[in-house]
Amino acid sequence: VQLVESGGGLVQAGGSLRLSCAASGSTFSINVMGWYRQAPGKQRELVATITTGDGSTNYADSVKGRFTISQDNAKNTMYLQMNSLKPEDTAVYYCNVLGRTGIWNIALDAWGQGTLVTVSS
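What counts and what doesn't
- Residues numbered from 1 in each chain as written.
- Predicted model: local features only at pLDDT ≥ 70, side-chain atom pairs only at ≥ 80, totals over all residues.
- Heavy atoms only, no water.
- Pairing = 2+ DSSP bridges.
- Helix = DSSP H or I, 4+ residues; strand = E, 2+ residues; numbered from the N terminus.
- Axes fitted to C-alpha atoms, helices over the stretch in contact; angles between N-to-C directions.
- Disulfide = S-S within 2.5 Å.
- Buried < 20%, exposed > 50% of the residue type's maximum accessible area, 1.4 Å probe, protein only.
- Core = buried A, V, L, I, M, F, W, Y, C linked by side-chain atoms within 4.5 Å.
- Salt bridge = Lys/Arg side-chain N within 4 Å of Asp/Glu carboxyl O.
- Contact = heavy atoms within 4.5 Å.

Colleague: Got a sec to walk through the sheet that holds strand β7 (residues 67-72)? Specific residues and values, please.
Modeller: Strand order in the open sheet formed by 4 strands is β1-β3-β8-β7, and the pairing between neighbours is antiparallel. Unpaired on one side and paired on the other, β1 (2-6) and β7 mark the two borders of the sheet. Sheet twist, expressed as the average angle between the axes of neighbouring strands with direction ignored, equals 15°. With 6 bridges connecting them, strand β3 (residues 17-24) and strand β8 (residues 77-82) associate as antiparallel partners. Bridge pairing in β8 links S20 to Y79.

Shown next, in the form of structure tokens:
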């Protein structure tokens, strides 16, 4: 499974960006999709997740009320709408999918290459 992220860039504090993550490949199913981020000198942290079956979502406290995760199951694509961005949101954002893949239905845990989000003050 390949994950391709897009939508990162430079934005002023208070601005908005929308990240996309498209999954492609053969013979796979996705149970959970998520966004993580890693700021310079810090560990990677969870931003938000969405369960593909029922659409339930989970957010880090630091982004609640500002970020919205969504999915388009038909396109195997996930989005992260980021509003009211703050300088502390500056990080490389990674998408992640958990599911099953292949004819043997083995566990899938795939990561995108990351997209840089920079928020200037």
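This is not the end of the story, as more comes after the structure.
Colleague: Help me get a handle on the state of the cysteines, residues and values and all.
Modeller: Applying the stated rule across the entire model yields 1 disulfide. The residue that forms a disulfide with C21 is C95, at a sulfur-sulfur distance of 2.1 Å. Its S-S torsion of about 55° marks the bond between C21 and C95 as right-handed, since a negative value means left-handed. Here C95 lies in strand β9 (residues 91-101) and C21 lies in strand β3, a separation of 74 residues in the sequence. With a relative accessible area of 0%, C21 lands in the buried category.

Colleague: Let's hear about the nonpolar core: which residues, and what values?
Modeller: Across soluble globular proteins, nonpolar side chains have a tendency to be buried as a group. Residues W35, L80, M82 and Y93 are the most contacted members of the largest nonpolar core, which totals 31 residues. Breaking this core down by element, the ones donating at least two residues are β3, β4 (28-38), β5 (45-51), β7, β8, β9, β10 (106-111) and β11 (115-120).

Colleague: With reference to specific residues and values, describe the pattern of salt bridges.
Modeller: Under the definition given, this model contains 4 salt bridges. Across the pair K64 and D61 runs a salt bridge whose closest N-O atoms are separated by 3.1 Å. Across the pair R66 and D89 runs a salt bridge, and its minimum N-O distance is 2.7 Å. Within this pair, whereas R66 is found in the loop between β6 (57-59) and β7, its partner D89 is found in the loop between β8 and β9, the two being separated by 23 residues in sequence. Each member of the pair R66 and D89 is classed as buried. Counted as one network, the salt bridges with shared partners bring together R37, E45, R66 and D89.

Colleague: Give a description of the environment of T101 that names residues and reports values.
Modeller: Assignment of secondary structure puts T101 in strand β9. A C-alpha to C-alpha distance of 15 Å links T101 and T52, two positions 49 residues apart in sequence. T101 has contacts with V1, S26, T27, F28, I106, A107 and L108, leaving out every residue within four places of it along the chain.

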